[in-house]
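Coordinate inspection notes
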There are 2 protein chains.
Amino acid sequence: MNITEYMQSVGQRARVASRAMARADSATRNRALLLIADAIVRDAPLLRAANQLDLDAARASGLAPAMLERLALSESAINTMVEGLRQIVSLSDPIGEISNLKYRPSGIQVGQMRVPLGVIGIIYESRPNVTVDAAGLCIKSGNATILRGGSEAIHCNRALAKIVAEGLLGAGLPTDGVQVVDTTDRAAVGALITMPQYVDVIVPRGGKGLIARLIDEATVPMIKHLDGICHVYIDAKAEIAKALAIAFNAKCQRYGTCNTMETLLVARAIAPAVLPQLVALYATKEVELRADPEAFALLAGYPHLVAATDEDWSTEYLGPILAIKTVENMDEAIDHINTWSSKHTDAIITEDYSAAMRFLREVDSASVMINASTRFADGFEYGLGAEIGISNDKLHARGPVGLEGLTSLKYVVFGHGEIRN
Amino acid sequence: MNITEYMQSVGQRARVASRAMARADSATRNRALLLIADAIVRDAPLLRAANQLDLDAARASGLAPAMLERLALSESAINTMVEGLRQIVSLSDPIGEISNLKYRPSGIQVGQMRVPLGVIGIIYESRPNVTVDAAGLCIKSGNATILRGGSEAIHCNRALAKIVAEGLLGAGLPTDGVQVVDTTDRAAVGALITMPQYVDVIVPRGGKGLIARLIDEATVPMIKHLDGICHVYIDAKAEIAKALAIAFNAKCQRYGTCNTMETLLVARAIAPAVLPQLVALYATKEVELRADPEAFALLAGYPHLVAATDEDWSTEYLGPILAIKTVENMDEAIDHINTWSSKHTDAIITEDYSAAMRFLREVDSASVMINASTRFADGFEYGLGAEIGISNDKLHARGPVGLEGLTSLKYVVFGHGEIRN
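Residues numbered from 1 in each chain as written. Chains lettered and ligands numbered in written order. Predicted model: local features only at pLDDT ≥ 70, side-chain atom pairs only at ≥ 80, totals over all residues.

**Focus: the overall build of chain A**
If you tally the helices and strands in chain A, you get 14 helices and 16 strands. On C-alpha atoms alone, chain A measures out to a radius of gyration of 24 Å, which is about the 22 Å that the 2.2 N^0.38 rule sets for 421 residues. In terms of principal-axis extent, the alpha carbons of chain A reach across some 70 × 65 × 35 Å. Every one of the 421 residues in chain A was classed for burial, and the buried ones make up 53%. (Helix = DSSP H or I, 4+ residues; strand = E, 2+ residues; numbered from the N terminus. Rg over C-alpha atoms; globule rule 2.2 N^0.38 Å. Buried ≥ 20, exposed ≤ 12 C-beta atoms within 10 Å, placed from the backbone.)

**A few points about the sheet that holds strand β3 (residues 119-124) of chain A**
Note: strands within a sheet are paired through backbone hydrogen bonds, in either parallel or antiparallel orientation. Residues and elements named next belong to chain A. Reading across from one edge, β5-β4-β3-β6 is the order of the 4 strands in this open sheet, with parallel pairing throughout. The sheet is open, and its two edges are formed by β5 (178-180) and β6 (201-205), each paired on a single side. Shown here is a sheet whose adjacent strand axes are inclined to one another by a mean of 15°, direction ignored. Those strands touched by helix α1 (residues 3-23) are β3, β4 (144-148) and β5, and its axis lies near 145° from that of β4. (Pairing = 2+ DSSP bridges. Axes fitted to C-alpha atoms, helices over the stretch in contact; angles between N-to-C directions. Contact = placed C-beta atoms within 7 Å.)

**A closer look at the packing of helix α3 (residues 44-60) of chain A against helix α7 (residues 154-170) of chain A**
All names here are of chain A. Contact geometry for α3 and α7: axes closest at 7 Å, N-to-C directions at 155°. Between α3 and α7, the angle is such that the two are roughly antiparallel. Along its contact with α3, which presents Leu 46, Leu 47, Ala 50, Asn 51, Leu 53 and Asp 54, the element α7 presents Ile 154, His 155, Cys 156, Ala 159 and Leu 160. Of the residues contributing to the contact of α3 with α7, the split by class is 8 nonpolar, 2 polar and 1 charged. (Parallel < 35°, antiparallel > 145°, perpendicular 65-115°, else oblique. Nonpolar A, V, L, I, M, F, W, Y, C, P; charged D, E, K, R; others polar.)

**What about the relation of the copies chain A and chain B?**
Of the transformation superimposing chain A on chain B, the axial component is 0.0 Å and the angular component is 180°, with the fit at an RMSD of 0.0 Å. Both copies are brought into coincidence by an operation consistent with a two-fold rotation axis. Within chain A, His 396 of chain A has its C-alpha nearest the rotation axis, a separation of 1.9 Å. Here 100% of the interface residues in chain A have copies in chain B that are interface residues too; the copies meet face to matching face. (Least-squares fit on C-alpha atoms with pLDDT ≥ 70 in both.)

**So, the sheet that holds strand β16 (residues 407-418) of chain B**
The 10 strands lie next to each other as β10(A)-β9(A)-β11(A)-β8(A)-β7(A)-β12(A)-β13(A)-β16(B)-β2(B)-β1(B), forming an open sheet whose pairing is mixed. A strand with exactly one partner marks an edge of an open sheet, and here the two such strands are β10 (305-307) of chain A together with β1 (98-103) of chain B. Adjacent strand axes in the sheet meet at a mean angle of 25°, parallel and antiparallel pairs treated alike. Direction of pairing for strand β13 (residues 367-372) of chain A relative to β16 of chain B: parallel, over a ladder of 5 bridges. Bridging across to β16 of chain B, Val 368 of chain A finds its partner in Val 412 of chain B. Of the strands in this sheet, β7 (230-234), β8 (261-267), β9 (288-291) and β11 (321-327) of chain A are in contact with helix α11 (residues 271-284) of chain A, which crosses β8 of chain A at around 150°. Running at roughly 140° to β11 of chain A, helix α13 (residues 330-340) of chain A makes contact with β7, β8, β11 and β12 (345-349) of chain A of the sheet.

**Examining the pairing of strand β4 (residues 144-148) of chain B**
Residues and elements named next belong to chain B. For β4, a buried count of 5 out of 5 residues is recorded, marking the element as mostly surrounded by other parts of the structure. Going residue by residue along β4, you find Ala 144, Ile 146 and Arg 148 tucked away on one face and Thr 145 and Leu 147 tucked away on the opposite face as well. Of the strand pairs in this sheet, strand β3 (residues 119-124) and β4 are connected by 5 bridges, and their pairing is parallel. Within β4, the position partnered with Ile 123 by the bridge is Arg 148. A crossover connection joins β3 to the parallel β4 through helix α6 (residues 129-140); in handedness this β-α-β unit is right-handed. Handedness of the crossover joining β4 and strand β5 (residues 178-180) through helix α7 (residues 154-170) is recorded here as right-handed. (Right-handed = clockwise from strand over helix to strand, strands pointing away.)

**So, the pairing of strand β6 (residues 201-205) of chain B**
All names here are of chain B. Counting buried residues along β6, 5 of its 5 residues qualify, which places the element largely inside the surrounding structure. Pairing between β3 and β6: 5 bridges, direction parallel. Its bridge partner being in β6, Ile 123 is matched across the sheet by Pro 204.

**Here we look at the interface of chain A and chain B**
Each side of the interface is counted separately: chain A has 56 residues, and chain B has 56 residues. In terms of residue count, strand β16 (residues 407-418) of chain A provides more of the side of chain A that touches chain B than any other element does, 11 residues in total. For the side of chain A that touches chain B, the per-class residue count stands at 24 nonpolar, 17 polar and 15 charged.

**A few points about the environment of Asn 2 of chain B**
Residue placement: Asn 2 of chain B occurs in the segment before α1 (3-23). Measuring from C-alpha to C-alpha, the distance between Asn 2 of chain B and Ala 188 of chain B comes to 9.9 Å, with 186 residues separating the pair along the chain.

**Structural notes on unusual backbone geometry**
All names here are of chain A. Although it is not a glycine, Lys 343 sits at a positive phi angle of roughly 65°. Inspection of the secondary structure assignment puts Lys 343 in the loop between α13 and β12. Residue Lys 343 is classed as buried on the basis of its 23 C-beta neighbours within 10 Å. Even without a glycine there, the phi angle at Asn 371 is positive, about 50°. For Asn 371, the location among the structural elements is in strand β13. Judged by the 24 C-beta atoms lying within 10 Å of it, Asn 371 falls in the buried class.

**Some points on helix α11 (residues 271-284) of chain B**
Residue and element names in this part refer to chain B. The end-to-end C-alpha distance of α11, which contains 14 residues, comes to 20 Å, matching closely the 20 Å that a straight helix rising 1.5 Å per residue would cover. Those residues of α11 not exposed but buried are Ala 271, Val 274, Leu 275, Leu 278, Val 279 and Tyr 282. End-on, the buried residues of α11 take up no more than an arc of 125°, which puts them together on one face. Of the exposed residues in α11, the ones pointing more than 90 degrees away from its buried face are Ala 280 and Thr 284. Packed against the buried residues of α11 are β7 (230-234), α10 (240-252), β8 (261-267), β9 (288-291), α12 (293-298) and β11 (321-327). (Expected span 1.5 Å × (residues − 1). Arc of directions from axis to C-beta.)

What follows is the structure, given as structure tokens:
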């Protein structure tokens, strides 16, 4: 069978299964999740053996050590998957909630009901635990899902697919409710992202290369972000202790995450008071600083100091590098952010009420923070219970996306025989 | 200047203006709307003269009478525009509302703030009142907008553009906040729908041909619907009086609207009791009935009876024609709807509680109704105050779209110096 036909058949079956998934009550969907969790515990040795096949093949083909690490399914990674499923069970069901139900003068009652999106395609790379996490979120939110993992994880993903199918079956749900694409052919991705008739939304989880390709080629809408160029702005009225703690944490707590600060903006009036102390912290991590001329002058003598170019304002370093820019005031900071930010997460450090309120309103990003580290931009930290990804798009989902981001609202009307005049 | 350059410049200026529009407080935006309303009243003779130029040119070029009617700006149409603006002023401001604000264990407070989308492009046909209605909704929701009206209304739209600019200026808002595309070249549409860097969303208001073209060519997301193939399902437990009133109203109150019923589904058990009476009503309007074999047999003798083909289940007649199908039960009705419906609006007529609740949940359409006419699917009837269009898409806006549909939510975080461990 050719790949296009295979993927069409996967899509068609997902569309059919999506109706049963949407119809299933909360208890049934939770039962499936618990059965999957139990089967993972039972089959842990099998899963680790399948993972070993993947690891051996990956090592033989010379996969980079960082990729090998992501591919590895350790005992603790298995426990985390199981724990994750049980946590999803404990979350309340987003489906069926009716909000804003009101009587209208005509006599009808109108409200909005939260419903599943339908079929969700998830495209990810080597980490096999995504298979279970994503399946769990989609089952809980009443969606059918098509999972396309990295080819290097195919053995492990096949083993997980069997377990998920067993759980669905045990709960009386169609096994087509979660399908793992069973081919390593890359054409499967191209097919998946161009079947709007079968797939309602694509969630890509992977590097910038993957996402840039999908933005070009996909005809199915996506929940995605491309960059995380996050800013912290230290306002003239910032409390210095907070500024130091947050600017250090936002850069150095983890370098490779999308909510890590990449550019620090500092108000001219406070720069001499805050930058030398802050830089002493960065020195402990040997963070390279790319500074505009003013900050450069203030930081003279710092061993890892480089003159910034315009390119630095639009670069996601994902490493121990930070761009620093001095601004006259908050207006200049907001202008810089709305021009260069990837609209992911931006924070202000200030004790000035009016500045804080203006920053909150005027910065056009998915998360805007006052006096907190950008590293908090995360589904778990926001209390969403679980996270399928982060969206920088203004339409539909925006910011960390949990169960609700996998749903839509439809209007419902309760009438008593009303007709329109 | 060539069209692409012109549209790029329009887009760029809209993007810059969008920041000032988003920043403006409620009073400023309302002031602009009231100034526009007053200027329309003052300039009514000028507007009618400009409209007369358009009408003369349209008549000379042989425009169809129905189109001429839509192009005409009568005194009462002018009054309705003014009234509409004043109603928009009286609606509460959707912008800045923060919902779900909660403390998290880390100490941060997380909520979601409603913010403008940014720049909204609106593409419409001959009706000049859309210029003012759309500008009004976009100003109220803090968005910049680019309006591309039909070429046959260019004189009137230019006159309206002047008035809108005067109102913006008078309120201290940038005149680029609302731009009317000042060319009749059709390439302007092609440019507008492929500038995602300047335009956040397109709202097409026009015929199916326009929308089908935009779906093919647009790279900017759209708030749109293509078809309105709406169903009424008369359940076995329907109250016959309600079924008659609703099925007649849903078809015959207006034929050309997207929320008009195009297919009637009838449960086999109730068909003999309800169809003959219903058909007596349709006879008064000479509605052509395209019936499946069972209904055909029941309706033998009706003068406008035709055997239905599969094509009838997917046709939006927009006229006095109705497809009728007999089904065994609600499952068959839901299957038919989820297969053939355009996911716009579908209604069940029933007194059976469980059937009603299942229909509500399982029909995957933007509006789902119990015991009410599909004709109610409308922003005014739903209490949205104003309507920019109707969306059949599941992502973002769905159903009648008012002010809120022109907004997005961003997460806001209030911290007290928290950093992430």
